[in-house]
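Read off the chains here:
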Amino acid sequence: MKRLVGVLFFTLALLSGTFAQKQWTLQECIQYALDNNIQIKRQELQTKVNKKDYQQSQYNMLPSVGGSVNHRWSSGRNFNQATGTVYEGSDMSDNFSISAEAVLFSGFQMKNTLVKNKYILEKSLQDYQKFKNDISLQIATVFLQILFNQEALAIAESQLQVTSLQVEKTERLVEAGNKPKGELFQIQAQEANEKYNVINAKNNLNISLLTLAQLLELPSTDGFSIISPDSIEISHTNVLSGVNEIYTAAESNFPEIKSANFNLKSREKDLDIARGGFYPYLSASAGYNASYYRSVKMDGKTIPLFDQLKDNNNKFIGFNLSIPIFSKFQTRTSVSKAKIGILDAEYNLNQAKKDLYQEIQKAHADASAAFERYNAASEAIISNEESFKYIQQKYDLGIVNSVDYNIAKNDLLKAKSNYIQAKYEYVFKTKVLDFYKGLPIVL
């Protein structure tokens, strides 16, 4: 037992280590989440339940068949059905029966229930796809946030490295008497601030990695890391598809719209089912009964079981017609409620279309704005880099002080931060627009 427990712990530790040490691509993250996310698994179970309901509505159209066996002991005055006589005493008897019943007409309620359950199944499949879409977008959002935080950390570390070198230069100049000690204090303060920025950038990166690992529901998040794409380049002449073009593609493919459509169709079948209550109900039944009595004798001996079953039996076939005359307005009420349900489903469908269009409008506007910010940030980096080089040269010559130097350096840092923020915001928004068009999320 100790060995078995040891092996289990070793296996779990090995699996946890494997997950932690593995580097994940975006596609691997998405696929793993789709395969293991608990919410998706629960929605998948609901889909299976709806599938069983649909199958059962198919089976309900088949005839029902049942059988029974009855054993009876009686004493006193008895009636023997086999002989048609009344007698005093005790007796034991057995009765065997089998019967079948089939619905011939029920106002098409069974057929409409079958179609309704099919629509409910289709709706649940679309809801299942929506869960998968939502988790895919969540994974992509956090993955891009990690890429942004990685670049932000690289920029912060690069800025700190430059400042640290400048501190060393300033220390030598102060020692040589070429710069006042106040200049050293200023640049050292800048270095301290940038160390703080590096720590913040590392924390932001670690938190985003933890968030992604938790979304994936990994058994361990220690050492979790991702594989960054080789490069994410944006053309400065990118042209986005129009809102209406994207919406047209999304309306025919997006699961939210399909789900709302199937919900409307199922509500329409509710109306057909309710109207079926106005129609007569016709069914057919057939059966076979046989009996055995211990008191039935011949030549002083009880007649054998199978002989009695052969003689003491009856068969029947019948039809049952039920005509609704007055049902306390229950059917009429059901019809009215079904009509209200259809109106509600139509409103729900229209709202889903409206929400989708607005989401696409917003994503398109955000992408356009991010693209403009990206172009502006690209130009700002060029100008701030040139400005910083100029200020740095003047600072090295002692023409400008550390305050002007730090201002130029911070302006460059801000320009770089704005650049990567606009870049990843634009990338994400364009991926969302592609997603609305039915394209997979890839980097």
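The residue numbering used here restarts from 1 in each chain and proceeds along that chain's sequence as written. Local features in a predicted model are, by the rule used here, given only for residues with pLDDT of at least 70; side-chain atom pairs are given and counted only at 80 or more, and totals for whole chains, interfaces and linings are based on all residues. Hydrogens and water are ignored here; the side-chain numbers use all heavy atoms of the structure.

Structural notes on unusual backbone geometry
Positive phi outside glycine occurs at Glu217, with the angle close to 55°. Elements are defined by DSSP. Helices are runs of H or I of four residues or more, strands are runs of E of two residues or more, and each kind is numbered from the N terminus. For Glu217, the position within the fold is in the loop between helix 5 (181-216) and strand 4 (225-226). One non-glycine residue, Lys328, adopts positive backbone phi at about 60°. Examined against the element boundaries, Lys328 turns out to sit in the loop between strand 8 (313-322) and helix 9 (330-396).

Here's the deal with helix 10 (residues 402-436)
In this model, helix 10 (35 residues) spans 51 Å end to end at C-alpha, consistent with the 51 Å of a helix rising 1.5 Å per residue. Counting of polar contacts relies on pairs of N or O atoms within 3.5 Å, with two restrictions inside protein: one atom must be capable of donating a hydrogen and the other of accepting it, and residues adjacent in sequence are counted only when both atoms are side-chain atoms. The N-cap residue of helix 10 is Asn401: its side-chain oxygen and the backbone nitrogen of Val403 are 3.1 Å apart. Looking one or two residues past helix 10, Gly438 carries a phi angle of roughly 95°, positive in sign. Here the expected span of a helix is defined as 1.5 Å times the quantity of residues minus one.

Comments concerning the nonpolar core
To define a nonpolar core, start from buried Ala, Val, Leu, Ile, Met, Phe, Trp, Tyr and Cys residues and group those joined through side-chain atoms within 4.5 Å. Buried means the residue's accessible area, taken with a 1.4 Å probe over protein chains only, is under 20% of the maximum for its type, while exposed means over 50%, and partly exposed covers the values in between. In this structure, Ile139, Leu212, Leu216, Phe224, Ile360 and Tyr436 are the most contacted members of the largest nonpolar core, which totals 74 residues. Counting only elements with at least two residues in this core, the list comes to helix 2 (26-36), helix 4 (109-176), helix 5, helix 6 (243-253), helix 7 (255-275), helix 9 and helix 10. By residue number, the principal contributor to this core is helix 9, which donates 15 residues. Excluding residues that lie within four positions of it along the chain, Ile360 makes contacts with Val243, Ile246, Tyr247, Ala250, Leu433 and Tyr436. Counting eleven residues, the second largest nonpolar core, distinct from the first, contains Val174, Ile391, Val400 and Tyr405. Any pair of residues with heavy atoms lying within 4.5 Å of one another is described as a contacting pair.

Digging into the side chain of Ser283
Tracing the sequence through the fold places Ser283 in strand 5 (residues 281-293). On the basis of relative accessibility, which here comes to 2%, the residue Ser283 falls in the buried class. Once you skip the residues sitting within four places of it in the chain, Ser283 turns out to touch Glu101, Ala102, Val103, Leu104, Gly318, Phe319 and Asn320.

Focus on the packing of helix 4 against helix 9
Fitted lines through C-alpha atoms give the axes, limited to the stretch in contact for helices. The angle between two N-to-C directions lies from 0 to 180 degrees. Put simply, helix 4 and helix 9 touch, their axes get as near as 12 Å, and they point 15° apart. Classified by the angle between their axes, helix 4 and helix 9 sit roughly parallel to one another. As for the relative orientation of helix 4 and helix 9, their crossing is right-handed in sense. Judged by residue contacts, Val162, Gln166, Lys169 and Thr170 of helix 4 engage Phe388, Gln392, Tyr395 and Asp396 from helix 9. Broken down by class, the residue content of the contact of helix 4 with helix 9 amounts to three nonpolar, three polar and two charged. Orientation is classified from the angle alone, with under 35 degrees giving roughly parallel, over 145 giving roughly antiparallel, 65 to 115 giving roughly perpendicular, and any other angle giving oblique. Handedness of each helix crossing follows the sense of rotation of the near helix against the far helix: counterclockwise by less than a right angle gives left-handed, clockwise gives right-handed. Polarity classes work like this: nonpolar for Ala, Val, Leu, Ile, Met, Phe, Trp, Tyr, Cys and Pro, charged for Asp, Glu, Lys and Arg, and polar for all others, with Gly in that last group.

Points about the confidence of the model for the protein
Across the protein, the average pLDDT comes to 86, with 90% of residues at 70 or higher. Each residue carries a pLDDT value, the predictor's own confidence for that position, ranging from 0 to 100. The least confident element of the protein is helix 1 (residues 2-21), whose mean pLDDT is 48; the most confident is helix 7, at 96. When the criterion is pLDDT under 50, residues 7-20 qualifies, and its contacts beyond four places in sequence or with other chains add up to ten contacts.

Some words on the packing of aromatic side chains
When the centres of two rings from Phe, Tyr and Trp lie within 6.5 Å, Trp using its six-membered ring, the rings pair. Their planes under 30 degrees apart give stacked, over 60 give edge-to-face, and anything left gives tilted. Here the structure, examined in full by the defined rule, presents 13 aromatic pairs. When the centroid spacing of 5.2 Å and the interplanar angle of 80° are considered together, the rings of Trp24 and Tyr32 count as edge-to-face. For the pair Trp24 and Tyr32, a shared accessibility class is recorded, and that class is buried. Where Phe105 meets Phe108, the ring centres are 5.2 Å apart and the plane angle is 85°; that geometry is what we call edge-to-face. The class of Phe105 is partly exposed, set by a relative accessible area of 28%. Overall, Phe108 belongs to the partly exposed group, its relative accessible area being 47%. Here a set of aromatic residues connected by ring pairs shows up, and it is made of Trp24, Tyr32 and Phe224.

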